[in-house]
Amino acid sequence: MDYIFIDKKDGIEKVGIVEDDRLVEFYVDFENENKLAGNIYRGRIVNVLPGMEAAFVDIGEGKNAYLYVKNALPKGVKYSRGEISINDVVKNGQEVIVQVIKEPSENKGPKVTTHITLPGRYIVLTPYSNMINISKKILSVEEVERLKEIGYRIQVEDIGMIFRTSSEGIDEELVYEEYTRLIEIYKRIERERNFLPCPKLIYREMDLSNKLIRDCFGKRVEKVLVNNKEKYNSILDFTDMISPYLKDRLVYDKDFDMRYDQNIMKGLKSALDRKVYLKSGGYIVIDETEALTAIDVNTGKFIGNKDLEDTVVTTNLEACEEIARQIRLRDIGGIIIIDFIDMKNDDDVVLVMNRLDECLKLDRNRANVIGITKLGLVEITRKKIRNSLSRNFAKECPYCNGKGKILDSFIDKMSIF
């Protein structure tokens with residue numbers, strides 16, 4: 001069963017997606033916590049750093065935001081490293097309109113861009129591009145051509161768009177209505193360029209639950225379960241605006257509590273554990289570091305039925321599904337390295353890689369498989385927007401300082417350090 005749940009109590013909103021009775025996405029929103037991703041600000045350049053090809057922007061939200069030269073270029077200018085300096089694009093004291101594309105972390109401020117995008121249910125408005133692009137998840141050639149034709153017919157002022165997966169089979173009238181509405185929002189944002197004060201928030205991205213419903217509430221989702229009446233009414237109004245036909249699948253249940261749902265809690269526990277067990281008895285180990293995330297696959301207790309190669313391939317294939325789910329559930333971004341169990345047969349390697357790619361396609365934030373290194377490690381990149389689940393819910397151990405190990409008592413008594 002596929003459904004979305006929204007558990008809101010005491011100012012804390014817990015939102016998740018369950019597919020085939022397994023938790024695959026989970027987020028927590030605190031009322032007093034300011035989420036920045038997607039917000040648009042009128043900010044001021046406070047420091048231009050040619051050596052970093054970037055500038056820092058004061059957006060009025062604590063740490064200054066980071067603006068990379070590629071994300072600061074005017075519309076129509078192509079980036080070529082080494083040919084364009086950040087000094088040629090922005091100056092100290094200059095006021096700019098920027099959008100947050102990555103949440104701040106403990107050590108870094110938010111990452112921003114001047115290339116504004118506005119997501120809707122069926123399309124993403126891309127004012128800094130005139131291209132009509134189609135989601136790669138839409139596989140039908142005829143549907144891709146149909147959507148492109150719609151895009152070119154409704155396009156105005158050279159403002160491009162990306163057709164999302166949910167646009168498949170949708171009527172042109174609905175796309176046009178959304179395109180027009182998003183353009184009105186964009187023009188309202190542009191009018192803010194010449195108005196004080198600065199820094200200033202000029203567009204706030206919708207809250208977590210509404211964003212999830214906008215992006216995920218489709219044909220596969222059987223229901224949206226809400227336990228807060230006020231939130232239910234708010235989502236009812238929002239659903240009525242974006243997709244009235246979905247209203248019948250919105251369910252209010254004041255007694256729902258995710259803590260008493262075994263499948264949800266089991267999934268959440270696995271997302272916070274270092275070791276995750278597979279059905280066969282094998283397991284994967286996930287270690288998040290500052291630079292990258294390393295995932296190791298092991299056979300564990302699984303001894304197989306045929307021979308060693310069959311055992312290895314079976315474990316690797318099973319691990320593909322769990323790895324894809326854990327990446328999505330933990331919201332791991334950046335560089336991901338997977339150490340599958342070594343396979344001798346090239347056909348088995350292709351089989352496992354195809355399975356991994358197939359499982360990763362279910363992720364809204366699509367991970368890209370770069371390839372296999374000379375050491376046999378699989379490289380993946382995934383866009384980093386928010387801090388991962390573990391970084392939000394786990395604190396550094398005061399005894400080992402994040403190492404995961406403590407000094408032997410013998411070493412400690414020698415007072416080496």
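Above this note sits the structure.
Now for a description of the structure that goes with this document. (Residues numbered from 1 in each chain as written. Predicted model: local features only at pLDDT ≥ 70, side-chain atom pairs only at ≥ 80, totals over all residues. Heavy atoms only, no water.)

## Here's the deal with the overall build of the protein chain
For the record, the criterion: In this description a helix means any DSSP run of H or I spanning at least four residues, a strand means any run of E spanning at least two, and both kinds are numbered starting from the N terminus. Computation of the radius of gyration draws on C-alpha atoms alone. For the globule rule, the value is 2.2 Å times the number of residues to the power 0.38. The rule is simple: take the accessible area with a 1.4 Å probe, protein chains only, and divide by the maximum for that residue type; under 20% is buried, over 50% is exposed, in between is partly exposed. Shrake-Rupley sampling with a 1.4 Å probe provides the accessible areas, and residues are treated as covered by the protein chains on show and by no other component. We score Asp and Glu as negative and Lys and Arg as positive, and we do not count His or the chain ends. Where a charge sits is defined by one atom per residue type, namely NZ (Lys), CZ (Arg), CG (Asp) or CD (Glu).
Assigned secondary structure in the protein chain consists of nine helices and 21 strands. In summary, the protein chain has a C-alpha radius of gyration of 24 Å against a globular reference of 22 Å for 417 residues, a match within 12%. Looking at the protein chain residue by residue over its 417 residues, the buried ones come to 44%. Carbon and sulfur atoms make up 51% of the accessible area of the protein chain, which totals about 23100 Å². The centroid of the 66 positive side-chain charges in the protein chain is displaced by 3 Å from the centroid of its 70 negative side-chain charges.

## Overview of the packing of helix α3 (residues 208-216) against helix α4 (residues 229-242)
Heads up, the condition is: Note on method: axes are straight lines fitted to C-alpha atoms, helices fitted across the in-contact stretch only, with angles between N-to-C directions ranging 0 to 180 degrees. By definition, any crossing whose near helix is turned counterclockwise from its far helix by less than a right angle is left-handed, and any crossing with a clockwise turn is right-handed. Throughout, a contact is declared for two residues whenever any of their heavy atoms are within 4.5 Å.
Closest axis-to-axis distance for the α3/α4 pair is 11 Å, and the angle between their directions is 35 degrees. Two packed elements cross with a definite hand, and for α3 against α4 that hand is right-handed. Facing α3, whose interface residues are S209, N210, I213 and R214, α4 presents K231, S234, I235, F238, T239 and I242.

## Some thoughts on the sheet that holds strand β19 (residues 334-339)
The condition that has to hold: Note on pairing: DSSP must find at least two bridges between two strands before they are called paired.
Read across the open sheet, the six strands follow the order β16-β17-β18-β19-β21-β20; overall the sheet is mixed. Edge positions in the sheet fall to β16 (275-277) and β20 (368-372), since each of these pairs with one other strand and no more. For this sheet, the mean angle separating the axes of adjacent strands, direction not counted, is 20 degrees. The sheet strands contacting helix α7 (residues 346-360) are β19, β20 and β21 (378-382), and the helix crosses β20 at an angle near 165 degrees.

## Focus: the packing of aromatic side chains
What describes a pair of aromatic rings is the distance from one ring centre to the other and the angle between the planes of the rings. Stated formally: Under the pairing criterion, centres of Phe, Tyr and Trp rings, with the six-membered ring standing for Trp, must be within 6.5 Å; the plane angle then separates stacked pairs below 30 degrees from edge-to-face pairs above 60, leaving the rest tilted.
In total, this model carries five aromatic pairs according to the counting rule given. Plain terms: the ring middles of F5 and F256 are 5.8 Å apart, the flat faces sit at 50 degrees to each other, and that makes the pair tilted. Of this pair, F5 sits in strand β1 (residues 3-9) while F256 sits in the loop between β15 (250-252) and α5 (262-272); the two residues are 251 residues apart in sequence, bridging distant segments of the chain. The exposure class of F5 is buried, given its relative accessible area of 0%. F256 gets classed as buried once you look at its relative accessible area, which sits at 10%. Ring geometry for F56 versus Y66: centroids 5.9 Å apart, planes at 65 degrees, classification edge-to-face.

## Some thoughts on the side chain of E25
Here is the rule we go by: Counting of polar contacts relies on pairs of N or O atoms within 3.5 Å, with two restrictions inside protein: one atom must be capable of donating a hydrogen and the other of accepting it, and residues adjacent in sequence are counted only when both atoms are side-chain atoms.
Tracing the sequence through the fold places E25 in strand β3 (residues 22-30). Owing to a relative accessible area of 1%, E25 belongs among the buried residues under this scheme. Among the polar contacts listed, one links the side chain of E25 to the side chain of Y27, at a separation of 2.7 Å. Side chain to side chain, E25 and R328 meet in a polar contact 2.9 Å long.

## Considering the sheet that holds strand β2 (residues 12-19)
One open sheet accounts for five strands, arranged β3-β2-β1-β14-β15; its pairing is mixed. Two strands bound the open sheet, and with one partner strand each, they are β3 and β15. The average undirected angle you get between the axes of adjacent strands in this sheet is 15 degrees. Pairing between β2 and β3: eight bridges, direction antiparallel. By the bridge assignment for β3, K14 is matched with V28. Contacting β1, β2, β14 (223-226) and β15, α4 crosses the sheet at an angle of about 165 degrees to β15. Sitting on the sheet, α5 is in contact with β1, β2 and β3, with an inclination near 80 degrees to β3.

## Considerations on the pattern of salt bridges
What counts is decided by this rule: The term salt bridge refers to a side-chain nitrogen of Lys or Arg lying within 4 Å of a carboxyl oxygen of Asp or Glu.
Evaluated as defined, the whole model comprises 32 salt bridges. Here R181 ties to E178 by a salt bridge, and the two come within 3.6 Å at their closest N and O atoms. With a gap of three residues between them, R181 and E178 both fall in helix α2 (residues 172-190), about one helical turn apart. Judged by relative accessible area, which is 33%, R181 ranks as partly exposed. Put simply, E19, E25, R164, E205, R214, D215, R328 and R364 are held in one network by salt bridges that share partners.

## Side note on the pairing of strand β4 (residues 40-49)
Inspection of the sheet shows β4 paired to strand β7 (residues 95-102) by five bridges, in the antiparallel sense. Looking at the pairing, Y41 lines up with V98 of β7. Here β4 runs beside strand β13 (residues 200-203); their pairing, made up of three bridges, is antiparallel. Paired with Y41 across the bridge in β13 is L201. By the bridge criterion, five bridges tie β4 to strand β5 (residues 54-58) in an arrangement that is antiparallel. By the bridge assignment, N47 is partnered in β5 with F56. Hairpin connection of β4 to β5: four residues between the antiparallel strands, including E53 at a positive phi of 55 degrees.

## Comments concerning α5
In plain terms, the rule: In this description, one arc is meant: the one made by directions from the helix axis to the C-beta atoms.
Of the residues making up α5, those classed as buried are I264, G267, L268, S270 and A271. For α5, the arc enclosing every buried residue in end-on projection is 160 degrees, short of the 170-degree limit, so these residues lie on one face. Exposed and facing more than 90 degrees away from the buried side of α5 are Q262, K266 and K269. In the core, the buried residues of α5 are packed alongside β1, β2, β3, β16, α6 (308-330) and α8 (389-393).

## Digging into α4
Quick note on the threshold: Residue count minus one, scaled by 1.5 Å, sets the expected span of a helix.
With 14 residues, α4 should reach 20 Å at 1.5 Å per residue; the first-to-last C-alpha distance of 20 Å fits that figure. Those residues of α4 not exposed but buried are K231, Y232, I235, F238, T239 and I242. All buried residues of α4 project into a common sector of 130 degrees when viewed along the axis, lining one side. Set apart from the buried face of α4 by more than 90 degrees, the exposed residues are E230, D237 and M241. Looking at the buried positions of α4, the neighbouring elements they touch are β1, β2, α3, β14 and β15. A side-chain oxygen of the first residue of α4 lies 3.1 Å from the backbone nitrogen of E230; this N-cap is N228.

Keep in mind these numbers describe shape, not what the thing actually does.
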